[in-house]
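As a plain string of letters, each chain reads:
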Amino acid sequence: MLKLQIGQIVEFYSNSCCVVSEGKEFKCKIQGRINLVVGDLVEIELSSVSNSSEGLVIKRLDRITALYKSKEKVKKPIAANISHIGILVTKNPKTNLEFIDKWITISKIASIEPFIIFNKIDLLPNGAFREDQKIYERLGIKTFQISAKLFINVDELKIYLSKRTTIFVGNSGSGKSTLTSAITGKEILSKALSNNQGVHTTSVSTLYHTDQMKIIDSPGVRDIGIDHLKPKEIILGFPEIINYSLNCAFPNCSHQADAGCEVMAALKNGDIEESRYNNFIFLSNREINE
Ligand SMILES: Nc1nc2c(ncn2[C@@H]2O[C@H](COP(=O)(O)OP(=O)(O)OP(=O)(O)O)[C@@H](O)[C@H]2O)c(=O)[nH]1
Ligand SMILES: [Mg+2]
Ligand SMILES: [Zn+2]
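Quick caveat: nothing in here was measured; it's all calculated off a predicted structure.

### Considerations on the coordination of the zinc ion (ligand 3)
The coordination sphere of the zinc ion (ligand 3) contains the protein donors Cys248 (SG), Cys253 (SG), His255 (ND1) and Cys261 (SG), at a distance range of 2.1 to 2.4 Å. Between the four donor atoms coordinating the zinc ion (ligand 3), the angles at the centre fall across 104 to 116°, so the site counts as tetrahedral. One chain supplies every donor to the zinc ion (ligand 3), and in sequence these donors are spaced C-x4-C-x1-H-x5-C. The residues His255 and Cys261 share a single accessibility class, namely buried.

### Points about helix H2 (residues 130–137)
For H2, the complete set of buried residues consists of Asp132, Gln133, Ile135 and Tyr136. Down the axis of H2, the smallest arc covering the buried residues is 160°, so these residues share one side. Set apart from the buried face of H2 by more than 90 degrees, the exposed residues are Arg130 and Glu131. Packing partners of the buried residues in H2 comprise helix H1 (97–109), strand E9 (113–118), strand E10 (143–145) and helix H7 (274–284).

### Some remarks on the UniProt feature "binding site: Zn(2+)" (unreviewed entry) in the protein
Per the UniProt record, "binding site: Zn(2+)" (unreviewed entry) is annotated on Cys248, Cys253, His255 and Cys261. Take Cys248: its relative accessible area is 9%, and that puts it in the buried class. Among residues more than four places away in sequence, those in contact with Cys248 are Cys253, His255, Gly260, Cys261, Glu262 and Val263. If you trace the backbone, Cys261 turns up in the loop between helix H5 (239–245) and helix H6 (262–268). On the basis of relative accessible area, Cys261 is assigned to the buried category, the value being 6%. The contacts of Cys261, once residues within four sequence positions are left out, are Cys248, Cys253 and His255.

So, how was this worked out
Residues numbered from 1 in each chain as written. Chains lettered and ligands numbered in written order. Predicted model: local features only at pLDDT ≥ 70, side-chain atom pairs only at ≥ 80, totals over all residues. Heavy atoms only, no water. Donors = N, O, S within 2.8 Å, 3.2 Å for Na, K, Ca; no water. Tetrahedral: all angles 85-135°; square planar, octahedral: opposite > 155°, others 65-115°. Buried < 20%, exposed > 50% of the residue type's maximum accessible area, 1.4 Å probe, protein only. Helix = DSSP H or I, 4+ residues; strand = E, 2+ residues; numbered from the N terminus. Arc of directions from axis to C-beta. Contact = heavy atoms within 4.5 Å. UniProt positions renumbered as here; feature names shortened; annotations may be inferred.

Here it is, written out as structure tokens:
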């Protein structure tokens with residue numbers, strides 16, 4: 001006898017996965033060639049007689065949201081059914097603003113809310129992130145300044161994450177696993193910063209449930225591929241540029257040297273941040289640059 005249940009993928013490997021359904025974890029094989037990713041909702045087939053913790057994924061339900069990146073020019077899903085992306089930003093390892101703007105762009109295009117977590121403030125003088133914080137708060141992007149290790153401002157972040165499904169993204173060593181552990185109370189190994197570089201670095205995305213929220217801890221990346229985005233789509237990651245571009249004198253304005261360009265005017269008087277403008281131009285023109 002077989003029974004069917006709905007569950008959510010909490011870890012996905014190349015041809016098997018771990019699914020949580022009705023509060024229980026099942027190691028599942030996958031029927032056929034269903035394309036799956038962490039966060040997917042699936043129908044699983046279980047044996048109704050045995051109390052086994054094994055099952056078979058037979059169907060994927062429609063995704064409410066899906067976050068994509070590109071790898072070697074191929075579009076790949078990173079996670080499904082998430083509402084928020086927490087971008088971890090640190091001074092060590094150094095996170096650059098282009099990396100942040102790329103993540104904001106792919107999340108806005110996926111209708112997922114991005115926010116920024118400045119981490120490791122215990123190692124820094126007061127106000128070390130003030131400039132970066134100003135750039136993003138002006139855009140209405142929520143920011144937090146925390147120490148995942150010393151639990152500074154983690155409670156405030158927990159309130160924000162309540163009832164949401166959030167994926168933490170960022171460079172390797174930025175503290176995603178440390179923060180996931182601080183929030184969920186689960187023991188998660190973090191990357192040791194010793195000669196043993198790379199030990200306990202996260203290798204697969206894992207979804208953790210608490211009563212209040214769901215968190216996905218993802219492997220660190222140095223860069224995020226966005227080749228699947230067309231140059232014209234990039235502006236969707238730059239709402240302040242959309243705003244000013246609506247008043248440019250020419251509808252096909254390139255926002256670079258054109259007469260009557262309101263974007264250039266806003267850049268000159270400081271209403272648009274230079275780093276945001278430069279990243280917008282760079283990412284929009286990247287096919288030409290490559
Ligand atoms: N001082 C300090 N160290 C931190 C903080 N958060 C994380 N760390 C340290 O930074 C190192 C990397 O932390 P991880 O949580 O493993 O980083 P990660 O982003 O999960 O790394 P990957 O899994 O490789 O992507 C560990 O040695 C942590 O103890 C913090 O707020 N303050
Ligand atoms: Mg990790
Ligand atoms: Zn313009």
